[in-house]
Amino acid sequence: MEVYKRETRKVIRRFLDHKLSFPDCIAALDAALADLTLRLTGEQIVAAHALIMENNDIVMKEMARRGPPPFDSKILATLGDGVTVSDYRSGQVIFAQGDSGDAVFYIQKGQVKLTAASKFGKKAVTGVLGAGSFLGERCLSGQEHAVTATVMVKSSIMRLDRSSVMRLLSTHLAFSELFLQHMLSRNLSMEEDMISQVLNSQEKRLARALLLLADFGKTGRPKRVVPKMSFEALAQMVGTTISRVRYFMKKFRKLGFVDYNGELQINNSLLNVVLHDQFVIMENDPFPVTRPPRKTLGRRSKVKDG
């Protein structure tokens, strides 16, 4: 087990130092795991699983930290006629839920909102994608689009034919790495969204959604001014009512966390709500943050010997 830990950490260090690509790192970790599996005893399986999960967590966090690499011009040359670049205006729909897709899209500049609607008409915002993100990947498996993609600001978006993408995934390592990194980053974000939805209060979920819109946590400097979203859209992202979003946004503005006069500005102080649970209960607060009561240790009664 110690040999496995030592060898895999060497691989990860090379990856973190940019001396090893992501596919080569995964291949090396898989090879070490295959060698370890042959020598594992029953009682070592639990310890091995914990170490494997720890290694995976380090690699995935590094991939998320790096963010999407730039789209290589050599890849565009390989695509030939299979790629077109178009400018989209705010509010324009790229594809609709239920449409059969024949292309994957790549955001060069701008932001795109993903929304889903139930058969009863209930709507939800499932994500907001920025530059460096792919969308419409379901077409690669022949499935209809599960969401509607709507442009939020003036954007430049690349359209990649399904056949061209399938060919590049099997022949072009750089494109495969770019696409895989996007999918892993998306899955991590979806997992974090699910955890936040279950464990956090509505106020904290709204603060997190606003920070994500401003690209907090990504490489580079976050955007202070972000595309203004309606309270309805924010309520769909958070999973609450419009009235609650309206109250929390007024509260955030009064506390200096945000400003939305004409444009939506996100200040660094909003991080305190998410990272340190620094909620402020204001006078006549209709939606106070509830926390579980602290457990106090009861005083033990002394038992006298008879």
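No experiment lies behind these values; they were computed from the predicted model shown.

Attention shifts here to the overall build of the protein chain. The helix and strand inventory of the protein chain stands at ten helices and eleven strands. The buried share among the 306 residues of the protein chain stands at 39%. Taking as baseline every contact in the protein chain between residues at least 6 positions apart, the subset at least 24 positions apart corresponds to 71%.

Those residues of helix α5 (residues 162–171) that sit buried are Ser164, Val165 and Leu168. Summarising the axial view, the buried residues of α5 lie within an arc of 95 degrees, below the 170-degree limit, and thus occupy one face. For α5, the exposed residues lying more than 90 degrees away from the buried face are Ser163 and Ser170.

Both faces of the sheet carry side chains from a regular strand, because those side chains alternate between them. Counting buried positions along strand β3 (residues 103–109) yields five of seven residues, so the element is predominantly enclosed. Taken together, the six bridges between β3 and strand β8 (residues 155–161) define a ladder with antiparallel strand orientation. Of the residues in β8, the one forming a bridge with lysine 109 is serine 156. As judged from the two bridges shared by β3 and strand β6 (residues 134–135), these two strands associate in the antiparallel manner.

A few words now on the environment of serine 86. With respect to the element layout, serine 86 can be found in strand β1 (residues 83–88). We classify serine 86 as partly exposed; its relative accessible area is 32%. Sequence-wise, serine 86 and arginine 159 are 73 residues apart; in three dimensions their C-alpha atoms are separated by 7.8 Å. Not counting residues within four places of it along the chain, the set of residues in contact with serine 86 comprises Ser155, Ser156 and Ile157.

Each value, and the rule that gives it
Residues numbered from 1 in each chain as written. Predicted model: local features only at pLDDT ≥ 70, side-chain atom pairs only at ≥ 80, totals over all residues. Heavy atoms only, no water. Helix = DSSP H or I, 4+ residues; strand = E, 2+ residues; numbered from the N terminus. Buried < 20%, exposed > 50% of the residue type's maximum accessible area, 1.4 Å probe, protein only. Contact = heavy atoms within 4.5 Å. Arc of directions from axis to C-beta. Pairing = 2+ DSSP bridges.

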